[in-house]
Amino acid sequence: MFSSPEEVFEKEKRYIMQTYKRPRIVLKEGKGVIVKDFFGHEYIDCVGGIAVNAVGYCHPRVVNAIKEQAEKLMHTSNLYYTEPQVKLAEKLSMISGMGKVFFCNSGAESVEAALKLASKVTGKHKFIAAEGSFHGRTLGSLSVTFETKFRSVFEPLLLNGMEFVRYNDAEAIREAINNDTAAVILEPIQGETGIIIPSEGYLKEVKEICTEKSVLLILDEIQTGFGRTGRWFCKEHEGIEPDIMTVAKAMGGGFPIGAMLAKEGIEFETNEHASTFGGNPLACAAALASIKVIEEEKLVDRSKELGAYFMKKVHDEGIGSNQVVKEIRGKGLMIGLELTKPCGEMVEEALERGILINCTSDKVIRLVPPLVISKEQIDRVISVLYEIIK
Ligand SMILES: *Cc1c(COP(=O)(O)O)cnc(C)c1O
């Protein structure tokens, strides 16, 4: 297709809006945890398409499901019934315990749907979100996203009376709620902000406050969902049921799909919301296959075990007590290494040693590898991290 990576870089710059700063490698193919570049160099991928490739690159079951569905029916719109969509809805309800689903195509879209639904159901329009939150880049989802670097150029955004309160402080939420509050929206673990894990009991307390004040709780499980934290959904660690839950990322095994789930009775009615592509047969077939792989290969438990293995090993190696590393945080295979300096350089050095890692929030190395990663691969990742931190 192209004669060299340089040609790709040049044309990308010429024809694509420069919204992304990327390392100078062109990825060509992947299998499991390994991805190969233009020259066939292999990398152990701890980014996993940003917590998307939970079942690994090109899992044969997902590939086959897509192939088979593509030959039958790719798109119909939601003006007609299709079987994969209904089957996936049933499956999602079973694994999440939520009543009903609205299908869309991405994380931000599911957050948009959640905000819209909460406004409709409560008749109120004020939202409370957390400092450090990340919920997406569309105007609505950006309105509940905290970081000024994402929002300042676009202000004023859409939601009047939006309020941000300290994360991990349930009382702050109680104080912020007033008669106009429709919902509180939270990530159970803040991903983009650097794997910030709230104290045990926080979400439970927030849920109790929301129930007491008749305010909805929207849980954004877009990054934490589908086994990432060692449970199907992170909410299970606290045994809470949100009113609305957003999912996307790992849901389709690499195929774009998102969903907003809500408790029975918290629903849109005819024509109140829609999406042309949402829940199309091809995306749903991919998601069904991906969920089946997570079930059959017991990837939820694997995430828990290997996450614990990773954390222990990192501590044993003394990486945590190194001057460059300020803190290591993790739940399942959602792990963050907070450094005392920006991590850009480390990302480059890891790349040169055949490991892909991602830097988020400037100083946090985020490790969200496919859940199929092996102990040997984890050992390799840790030894490379150790080498470059030293
Ligand atoms: C990635 C992410 C989003 C946005 O999802 P997109 O598919 O990029 O729109 C929203 N919330 C959280 C918690 C995320 O991690």
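These numbers were taken from a predicted model, which means no experiment stands behind them.

(A) Representation of the sheet that holds strand S2 (residues 34-37) in the model. Strand order in the open sheet formed by 4 strands is S1-S2-S3-S13, and the pairing between neighbours is mixed. Looking at strand neighbours, the two that pair on one side only are strand S1 (27-31) and strand S13 (355-356), the edges of this open sheet. Relative to strand S3 (residues 42-45), S2 runs antiparallel, the two sharing 3 bridges. Counted as the bridge partner of Val35 is Tyr43 from S3.

(B) Summary view of the environment of Val364. Structurally, Val364 can be placed in strand S15 (residues 364-367). Sequence separation between Val364 and Val381 is 17 residues, and the spatial gap between their C-alpha atoms is 16 Å. Aside from chain neighbours lying at most four places away, what touches Val364 is Gly194, Arg329, Gly336, Leu337, Glu338, Cys343, Asn358 and Cys359.

(C) Region of the structure containing the packing of aromatic side chains. The tally for this structure, following the rule as stated, stands at 6 aromatic pairs. Centroid distance Phe134 to Phe150: 5.4 Å. Interplanar angle 75 degrees. Geometry classified as edge-to-face. Here Phe134, found in the loop between strand S5 (126-130) and helix H6 (139-143), pairs with Phe150, found in helix H7 (residues 148-151); they are 16 residues apart in sequence, far enough to count as distant. The pair formed by Phe134 and Phe150 is uniform in burial state, with each residue classed as buried. Each ring, one from Phe226 and one from Phe233, has its centre 5.2 Å from the other, and the planes form 65 degrees; the classification is edge-to-face. Given the relative accessible area of 1%, Phe226 is considered buried. Judged by its relative accessible area of 0%, Phe233 is buried. One Lys or Arg, Lys375, reaches over the ring of Tyr309 and ends 5.0 Å from the middle of that ring.

(D) Structural view of helix H3 (residues 60-72). Compared with the 18 Å implied by 1.5 Å per residue over 13 residues, the 18 Å span of H3 between its first and last C-alpha is a close match. Buried residues of H3: Val62, Ala65 and Gln69, and no others. Down the axis of H3, the buried side of the element spans an arc of 60 degrees, and every buried residue falls inside it. Of the residues in H3, the exposed ones pointing more than 90 degrees away from the buried face are Lys67, Glu68 and Glu71. The elements touched by buried residues of H3 are helix H4 (83-96) and helix H10 (281-296).

(E) Fine view of the site of the ligand. In the vicinity of the ligand, the residues found are Ser106, Gly107, Ala108, Phe134, His135, Gly136, Glu187, Asp220, Ile222, Gln223 and Lys249. Contacts to the ligand include Gly107, whose backbone N or O atom sits 2.8 Å from an oxygen atom. Between the ligand and the protein, one listed contact pairs a nitrogen atom with a side-chain N or O atom of Asp220 at 2.7 Å. When the ligand is considered free in solution it has 380 Å² of accessible area, and contact with the protein chains removes 80% of it. Each residue belonging to the shell around the ligand can be placed in one class, and the counts come to 3 nonpolar, 5 polar and 3 charged.

(F) Structural detail: the pattern of salt bridges. Evaluated as defined, the whole model comprises 23 salt bridges. Residues Lys126 and Glu163 are paired through a salt bridge, measuring 3.4 Å at the closest nitrogen-oxygen approach. Remark: Glu163 occurs in strand S6 (residues 163-165) and Lys126 occurs in strand S5; sequence separation between them is 37 residues. The class for Lys126 is buried, based on a relative accessible area of 9%. For Glu163, a relative accessible area of 31% puts it in the partly exposed group. The shortest N-O distance in the salt bridge between Arg329 and Glu338 comes to 2.7 Å. Across the pair, Glu338 and Arg329 agree in class, each one buried. Residues joined in a network through salt bridges with shared partners are Lys326, Glu327, Arg329 and Glu338.

(G) The arrangement of the state of the cysteines in detail. Within the structure shown, the criterion is met by 1 disulfide. Paired through a disulfide, Cys343 and Cys359 show a sulfur-sulfur distance of 2.2 Å. Judged by the torsion about the S-S bond (85 degrees), the Cys343/Cys359 disulfide is right-handed. Of this pair, Cys343 sits in the loop between strand S12 (334-339) and helix H12 (344-352) while Cys359 sits in strand S14 (residues 358-360); the two residues are 16 residues apart in sequence, bridging distant segments of the chain. By relative accessible area, Cys359 is classed as partly exposed at 27%. Cys234 forms no disulfide, and the closest cysteine sulfur to it belongs to Cys210, at a distance of 17 Å. With no disulfide partner, Cys284 has as its closest neighbouring cysteine sulfur the one in Cys104, 11 Å distant.

(H) Highlighting the layout of surface pockets. A volume near 850 Å³ is recorded for the second largest pocket. Residue lining of the second largest pocket: 26 residues in total, with Gln85, Val101, Phe102, Phe268 and His273 positioned closest to the centre. At the level of elements, H4, strand S4 (100-104) and strand S10 (258-262) are the ones that each hand at least two residues to the lining of the second largest pocket. No other element matches the 4 residues that S4 contributes to the lining of the second largest pocket. Taken together, the residues of the lining of the second largest pocket sort by class into 14 nonpolar, 9 polar and 3 charged.

About the cut-offs
Residues numbered from 1 in each chain as written. Predicted model: local features only at pLDDT ≥ 70, side-chain atom pairs only at ≥ 80, totals over all residues. Heavy atoms only, no water. Pairing = 2+ DSSP bridges. Helix = DSSP H or I, 4+ residues; strand = E, 2+ residues; numbered from the N terminus. Contact = heavy atoms within 4.5 Å. Phe/Tyr/Trp six-rings, centres within 6.5 Å; stacked < 30°, edge-to-face > 60°. Buried < 20%, exposed > 50% of the residue type's maximum accessible area, 1.4 Å probe, protein only. Lys NZ or Arg CZ within 6 Å of the ring centre and 35° of its normal. Expected span 1.5 Å × (residues − 1). Arc of directions from axis to C-beta. Near = heavy atom within 4 Å. Polar contact = N/O pair within 3.5 Å; in protein donor to acceptor, adjacent residues only side chain to side chain. Areas by Shrake-Rupley, 256 points an atom, 1.4 Å probe, with all protein chains shown as cover. Nonpolar A, V, L, I, M, F, W, Y, C, P; charged D, E, K, R; others polar. Salt bridge = Lys/Arg side-chain N within 4 Å of Asp/Glu carboxyl O. Disulfide = S-S within 2.5 Å. 1 Å grid on protein atoms, 1.4 Å probe; cavity = no way out; pocket = protein on both sides within 12 Å on 5 of 7 lines; lining within 4 Å. Points joined across faces, edges and corners; volume = space filled by probe spheres on them.

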